[in-house]
Amino acid sequence: MSRLKVSLPDQTDTEIRRLVEQGEFLNRDAAVEELLTLGISAYETTDEEQDEFAENAFDTPANEQQDPAIQDDAQDDGYSF
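Residues numbered from 1 in each chain as written. Predicted model: local features only at pLDDT ≥ 70, side-chain atom pairs only at ≥ 80, totals over all residues. Heavy atoms only, no water.

### Observations regarding the layout of surface pockets
Right, on to step 1. The computed volume of the largest pocket comes to approximately 660 Å³.
Right, on to step 2. Lining the largest pocket are 18 residues, with L4, D29, V32, E33 and L36 sitting closest to its centre.
Right, on to step 3. Every element with two or more residues in the lining of the largest pocket is listed here: α1 (10–21) and α2 (28–43).
Right, on to step 4. Counting residues per element, the lining of the largest pocket draws most heavily on α2, which supplies 8 residues.
Right, on to step 5. The class makeup of the residues in the lining of the largest pocket is 10 nonpolar, 3 polar and 5 charged. (1 Å grid on protein atoms, 1.4 Å probe; cavity = no way out; pocket = protein on both sides within 12 Å on 5 of 7 lines; lining within 4 Å. Points joined across faces, edges and corners; volume = space filled by probe spheres on them. Helix = DSSP H or I, 4+ residues; strand = E, 2+ residues; numbered from the N terminus. Nonpolar A, V, L, I, M, F, W, Y, C, P; charged D, E, K, R; others polar.)

Below, the structure is given as structure tokens:
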């Protein structure tokens with residue numbers, strides 16, 4: 001297992017200590033390992049998700065695109081130019 005030295009903000013250190021004291025984790029090392037693992041897994045994406053975006057990103061032809069500022073329903077708000 002790799003070992004590394006990490007500098008944490010005081011607030012983060014306090015939160016980890018609190019979680020250990022509340023019994024959420026057996027010790028500080030276990031807490032840091034689990035929290036880092038959860039954080040990394042939150043950033044992981046599958047190749048399938050990336051491929052799907054790449055395939056669909058530019059599928060809409062220009063003549064089918066709509067300007068979001070254009071409103072189909074004529075609404076009279078009392079103002080006119």
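### Observations regarding the environment of I16
Right, on to step 1. As for its position among the elements, I16 is in helix α1.
Right, on to step 2. Not counting chain neighbours up to four residues away, the residues in contact with I16 comprise L8, R28, A31, V32 and L35. (Contact = heavy atoms within 4.5 Å.)

### Some words on the environment of L19
Right, on to step 1. Here L19 shows up in helix α1.
Right, on to step 2. Separated by 12 residues in the primary sequence, L19 and A31 place their C-alpha atoms 7.8 Å from one another.
Right, on to step 3. When near neighbours in sequence (up to four residues on either side) are disregarded, L19 contacts E24, F25 and L35.

### What about the confidence of the model for the protein chain?
Any segment with low pLDDT has predicted coordinates that should not be analysed in fine detail.
Right, on to step 1. Per-residue confidence for the protein chain gives a mean pLDDT of 78, with 54% of residues at or over 70.
Right, on to step 2. At the low end of the mean pLDDT range in the protein chain sits helix α3 (residues 47–56), at 60; at the high end sits α1, at 96. (pLDDT = per-residue confidence, 0-100.)

### Observations regarding α1
Right, on to step 1. Taking 1.5 Å per residue, 12 residues should reach 16 Å; α1 reaches 16 Å between its end C-alpha atoms and fits that length.
Right, on to step 2. Positioned one or two residues after α1, G23 has a phi angle of 85°, which is positive. (Expected span 1.5 Å × (residues − 1).)

### Side note on the pattern of salt bridges
Right, on to step 1. For the structure on display, the rule yields 3 salt bridges.
Right, on to step 2. Residue D13 is joined to R28 by a salt bridge in which the shortest nitrogen-to-oxygen separation is 2.3 Å. Residue D13 is located in helix α1, and its partner R28 is located in helix α2; the two are separated by 15 residues in the primary sequence.
Right, on to step 3. Since its relative accessible area comes to 41%, R28 is described here as partly exposed. (Salt bridge = Lys/Arg side-chain N within 4 Å of Asp/Glu carboxyl O. Buried < 20%, exposed > 50% of the residue type's maximum accessible area, 1.4 Å probe, protein only.)

### Topic: a nonpolar patch on the surface
Right, on to step 1. On the surface, L4, V6 and L8 cluster together into a nonpolar patch covering about 290 Å² of accessible area.
Right, on to step 2. By secondary structure assignment, the location of V6 is in the segment before α1. (Patch = residues over 30% accessible without salt bridge, like charges linked within 9 Å, V, L, I, M, F, W, Y side chains within 5 Å. Areas by Shrake-Rupley, 256 points an atom, 1.4 Å probe, with all protein chains shown as cover.)

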